[in-house]
Amino acid sequence: MFAPAPFLLKDASVSQVMIQVCVALIPGIAAYASLVGPAILVQLVIATLAALAAEAVMLTLRGKSLALFLTDGSAIVTAWLIALTFPPLAPWWLVVTGTVFAVVVAKHLYGGLGQNPFNPAMVAFAVCIVAFPALMSQWPSVGLQLGLIDQMNIILGWAPRVDALSGATPLDAMKTALKLGEGSFDVATLLANQDIYGNFAGRGWEWVAGGYLLGGLWLWHRQLITWHVPLAFVGSLSLISGALWLYNPAQFASPLFHLLSGGAMLGAFFIATDPVSGCTTPRGKLIFGAGCGLLAYIIRVFGGYPDGVAFAVLLMNLSAPVIDLLTQPPVFGMKDKA
Amino acid sequence: MLMNLFKFKGGVKPPSNKLQSNHLPIAQAPMPSRLVVPLHQSIGGTPRPIVQAGDHVLKGQMIGQADGWISAAVHAPTSGTVLEVAMHVRPHPSGLDSLCVVIEPDGKDEWITRTPIDHKATAPADVFHHLQQCGIVGLGGAGFPAHGKLTPSTGVPMDELIINGAECEPFITCDDLLMRERADEVVRGIAVFRDLLQPKKVLIGIEDNKPEAIAAMRAAVDAQKEPFSVVAVPTLYPAGGAKQLIRVLTGKEVPGSMRSTADMGVQVFNVGTAYSAWRAIAHGEPLISRILTITGNVHAPRNYEVLIGTPMDELLALALPHPDTDGILMGGPMMGFLVPNPQVPVVKTTNCLIAHADRLFPPKAPEMPCIRCGACARACPHELQPFEMYWFARAKNFGKTQEYNIFDCIECGCCSFVCPSRIPLVQYFRFAKSEIWAREREKNAADQAKTRFEFKQYREEREKADKAEKLAKAAAAQAAKKAAEAAAAAAETGVAEAVAAPADAAIATVNPEKEAKRATIEAAMARAKAQREAVQPKNVDNLTPEQQQAAAEIEARRVAAHLIAPEPVAPDSEKSE
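Residues numbered from 1 in each chain as written. Chains lettered and ligands numbered in written order. Predicted model: local features only at pLDDT ≥ 70, side-chain atom pairs only at ≥ 80, totals over all residues.

### Observations concerning the overall build of chain B
For chain B, the helix and strand inventory stands at 16 helices and 17 strands. Of all 577 residues assigned to chain B, the portion counted as buried reaches 45%. (Helix = DSSP H or I, 4+ residues; strand = E, 2+ residues; numbered from the N terminus. Buried ≥ 20, exposed ≤ 12 C-beta atoms within 10 Å, placed from the backbone.)

Laid out in C-alpha cells, this is it:
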C-alpha cells in the first residue's frame, strides 16, 4: 500500500470551485434576466450544452477520462461567461460558435484544464466581435418587453431580426453620442434625458453590475478569489475615469458610470480573477488587475469597440507569465534580503 | 503573562482529533515478548554495537556506542539476553533494513547502576558527554542529539530558549499528557537547558487547544519560581514547526538555508527532550522509553509509556484496533508515514501510532491538473509557490525548482491538504529533492573519479620521472667514478676541478632558484645521458691503456678550456671519437 502524507485532506475539488463560481453568478444573472427577459436563460442553456458537447468530443479525442473531466465544471463556467457577455438576443449559432471556439481552440488545443494561457470566454468574445461585429453589437432596446417565445424565435432564427429590436449598450450609446455630437452633447444631459440611462449608468444595467459585485464579494468571502485583482481593476478604472472626468465632466463619464457599465464588474470579479490565465503572485495580481482596468477604459473610451474588458483581459493574459516572474514574493526568512 | 505574539503566513486547520486520546492518563505498556532496538535512531553517526548474541544485558546498559560528536548512545530498554545483532526493517518510509540489537527480556527489569550528575557542579563538556552517553536526542521528530544543540554557538549570543509543546499535528497527544502529568520534571529539564545555554529568555510555546497542559506547566514554573513564560499560541498547523514557533514567539524568521537556529540566537527543544534530559541528569536514566499516543481506528485510544524497541503491532493491540485496520501510521497524519510492516519497533522519535483505515483516511480522489488557484501558496508556511515548484518538478526541471527555493520546503503537507486538484504536492517535492541530491552525488562521484584519474596520471608520470632520475643518477655515479679514475690518471685535471667547483658553489649561493632550475636541467641531462649510455659506442669500452690516456688528456684539456664540470664523455666528443 503506497500512500504519501498528508493523509488528511481538506474537502476541496475543482468541481467545487467551479460550482461556487456559478453560484456566485446567480445574483447578476437574476438582475440580467429581469432586465432583458428570459432570453439570457435560453442563452445560458445553449452555451452550456455546446460547451459540454465540445468538451466531451475533445476529451475523447485526447483520450482523457470523461467521468473525471466533464464533471469538473470548468466548461460550464466558460459557457456561462460567454452567454453573459454576448448580446442576449444573439442568434444561437453565434453563441455556439463562440463557445465551441473557446473550448476547442482556447482550452483544449493548449492542453485542456489548467493549461490555457488565455481566458477561453474572452477569446470567444474577441473572435466573435471581430468576425461578426454587427451581430455582436445588437443589444435589446430598453423597455423592449418580449416574451419567452418571441425571444426564442429571434435567437433560433425563426423570427426576423428587425433593427428596431436591437440597440446599442448604454456604454456604446454614450461613446457614439459624445463622438458624433462633437461637443454639442454633454454627459449630464445625456444621462438626464435619455431613456436608456438610469441614475448612474445604463438603466437596469446598474443592477446587473450590482449583482456581479455581490456574487464577487461572496467569492472573496469564500476565499476562492483574493481581493487583489478586483480591487486593482476597480481602482485603476476609477482612477483613470475619475481623472478624465475631473478634467472634463462634460465629455467624460464619471467613474461610477464606468464601474457599472459593460463588463466592468463581471470582468473585475469573475474574468480577470481566472487563476489559470491570470497572475498568481500578490503583487502580480495587483498589476494584472490594474492593467485590465486601465486597458478596458482606454479601449472602451478611445477604441472602436463597444467595450474593452475582453481585449484588456487578453492583453494582460499575454503579460501574466512575465509579471509573475518579476513579482515572485520573498520566501520565509528572506524578506530583508530580497 | 501577556506578550506580543507574531504570526506566520499560511498554515491550515485540519480537524485536530486529539480528544480521543487525551482524556485518559498515561499507561505503562506491558513488557513485550522481545525488543528490537535499532542502533541508528538519531541524526548523525550510527552507534557501534558493543554487545553480541548471547550477552546478558541489564536495563539501561549501553548496547550501542556513540559514533562521533553528532551521535548518541543506545541502551538496553530492559534486562535480558541479546538474541542477535542483525539487520531488521526499521520504521522509515524507505523500508530499508538497519542494524538492530534484539533482546529477549528476562522479566526482572533489572537496572544497571545509575549515576546521576549535578549539572551545576559539573563542567559543561562533561554534562554534554553524560547526555550523549544517556542517548538523549530530540523527541519532537528529527532526533537530533540534544548535546549538539546545547553547545552554545560561537559569536551569536543566545537570546531565546524555546521549548516546543505546541504539538500541532492532529491525533497526537503525547506531549499534552507529558506536560499535564510530569510538568515538574519537564520544567526542571528546561532549567538544565537554560543553565547550559544561558539564554536571555525562556519561552514555552503550547497551542491553545491544550489548556490543561498550559495550566500544569504554569503551575510547575511558578512552583519552581523560574522566570519562564508559558505562552499559549494559536492553534494553527504547523505552529509546532521549529521555525514557525520561533516566528510566533519572537518574530524572528530563520531562513531555510540557515542550518542552525542558534545562528539567530534561538534554540528549540521539545518538551519530551527536556523531560528525558532531566531523567538522565537527576536519575542517571538513559533514554530507554518514551510516551507515545496510540490512536486512530481503535477502540481504546490512549497514551502509553513504552520501551524503545517494542514492536508496533504489540502496542497497537493494546488499543484494540477495529477489524478494518489496514496499516500503521507512524507520526501524525500530516507528516507521518505508513510503516513498512507492523512488526517494526518503536524508536526514540516515534511519538504516535495511528491505526490506518480508509474509513478514517479516505483514499485520495484522482489527481486533476493544477488550475493555479494559488491555494497552496496561501497555505505554505514558508511562503513558497508550491504550484510553480510542482510545475517544474513534474517537468524534471530541477534547476528551476531550486530557483523557487524547493529546499526551503519543510514538507509539512499544507499545500497537499488544501489542493482542490488533489495533487500530492509534497510527493513531487520529495521526488525533486531526492533527484537533486542524487545528481549532486553523481556529480561528486564523477568529480572524484576525475580527480582520481588525474592523480593516477600524475603519479604515473612522477614514477616514470623518478625512475628515470634514479637511472640517471646511477649512470651519473658510474660515469663520475669513471671520470674520477680518468682524472686520477691525468694529473693536470686537478687544476680544472679546483676551478670548476668554486664556480658552481658561487652560482648556488647567489641564486637558489636558478640553482634548482639548474639541478633540474642537470637531472634531465643526466637522464638523456643515461639513455645515450645504453647505446654507447663500443669503441670507448675496449680501449688500450694508451688510447684511454690519450682520451683522458683530451678531455682534461676540454674541461680546462670551457670551464665545465669534468665529464668523461662529452656529447659531441662521442662522434668525434
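### Regarding helix α4 (residues 211-223) of chain B
All names here are of chain B. Helix length check: α4, at 13 residues, gives a terminal C-alpha distance of 18 Å against a target of 18 Å (1.5 Å per residue), a fit within 8%. When we look at burial in α4, the residues that qualify are A213, I214, A216, M217, A220 and V221. With its buried residues spanning 165° around the axis, α4 presents them on a single face. Exposed and oriented more than 90 degrees from the buried face of α4 are P211, D222 and A223. On its buried face, α4 sits against α3 (174-197), β10 (201-207) and β11 (229-233). Note on α4: the residue one or two positions beyond its end, K225, has a positive phi of about 50°. (Expected span 1.5 Å × (residues − 1). Arc of directions from axis to C-beta. Contact = placed C-beta atoms within 7 Å.)

### What to know about the sheet that holds strand β6 (residues 74-75) of chain B
Strand pairing within a sheet occurs via backbone hydrogen bonds; the two strands may be parallel or antiparallel. Residue and element names in this part refer to chain B. One open sheet accounts for three strands, arranged β3-β5-β6; its pairing is antiparallel. Pairing within the sheet leaves two strands with one partner each, and these edge strands are β3 (48-49) and β6. With two bridges connecting them, strand β5 (residues 62-65) and β6 associate as antiparallel partners. By the bridge assignment, M62 is partnered in β6 with H75. (Pairing = 2+ DSSP bridges.)

### Here we look at the sheet that holds strand β7 (residues 80-89) of chain B
Residue and element names in this part refer to chain B. The strand order β2-β8-β7-β4 describes an open sheet built from four strands, whose pairing is antiparallel. With one partner strand each, in any of the chains shown, β2 (35-38) and β4 (56-57) form the two edges of the open sheet. As paired strands, β7 and strand β8 (residues 97-105) are joined by nine bridges and run antiparallel to one another. Bridging from a neighbouring strand, G80 pairs with P105 of β8.

### Comments concerning the environment of T189(A)
Residues and elements named next belong to chain A. Residue placement: T189 occurs in helix α9 (residues 187-193). Residue classification places T189 among the partly exposed residues on the basis of 13 C-beta atoms within 10 Å. The spacing of T189 and L294 is 105 residues in sequence and 26 Å in space, taken between C-alpha atoms.

### Topic: the packing of helix α5 (residues 92-107) of chain A against helix α6 (residues 120-131) of chain A
Residue and element names in this part refer to chain A. Two elements in contact, α5 and α6, have axes whose closest approach is 8 Å; the angle formed by their N-to-C orientations is 125°. The orientation of α5 with respect to α6, classified from their angle, is oblique. Relative to α6, the crossing made by α5 is right-handed. For the pair α5 and α6, contact is made by L94, T97, G98, T99, F101, A102, V103, A106 and K107 and by P120, A121, V123, A124, F125, V127 and C128, respectively. Residue composition of the contact of α5 with α6, by class: 12 nonpolar, three polar and one charged. (Axes fitted to C-alpha atoms, helices over the stretch in contact; angles between N-to-C directions. Parallel < 35°, antiparallel > 145°, perpendicular 65-115°, else oblique. Left-handed = near helix turned anticlockwise from the far one by under 90°. Nonpolar A, V, L, I, M, F, W, Y, C, P; charged D, E, K, R; others polar.)

### Considerations on helix α2 (residues 39-61) of chain A
End to end, α2(A) covers 33 Å across 23 residues, agreeing with the expected 33 Å (1.5 Å per residue, within 8%). Backbone geometry just downstream of α2(A) places G63(A) in the positive-phi region, at approximately 70°.

### Observations regarding the confidence of the model for chain B
Residue and element names in this part refer to chain B. Summing up the model confidence of chain B, the mean pLDDT is 87 and the portion of residues at 70 or higher is 90%. Within chain B, strand β14 (residues 302-307) carries the highest mean pLDDT (96), whereas helix α16 (residues 571-576) carries the lowest (41). Per-residue pLDDT stays below 50 along residues 565-577; that stretch engages in 19 contacts with residues further than four places along the chain or on separate chains. Across the interfaces of the predicted complex, the ipTM metric reaches 0.89, alongside a pTM of 0.81. (pLDDT = per-residue confidence, 0-100.)

### Observations concerning the environment of V221(B)
Residue and element names in this part refer to chain B. Structurally, the position occupied by V221 is in helix α4. Classification of V221 by C-beta neighbours within 10 Å gives buried; the count is 23. Taking the C-alpha atoms as reference points, V221 and P49, separated by 172 residues in sequence, lie 40 Å from one another. Beyond its immediate stretch of four places on either side in the chain, V221 contacts V187, E226, F228 and V230.

### Considerations on unusual backbone geometry
Each neighbour pair has its own omega, and for A5(A) with P6(A) the value is -5°, a cis peptide bond. Its location among the elements puts P6(A) in the segment before α1 (14-36). Residues Y237(B) and P238(B) are joined by a peptide bond in cis, for which omega reads -5°. By secondary structure assignment, the location of P238(B) is in the loop between β11 and α5 (242-250). Despite not being glycine, E383(B) shows a phi value in the positive range, around 55°. The class for E383(B) is buried, based on 20 C-beta atoms found within 10 Å.

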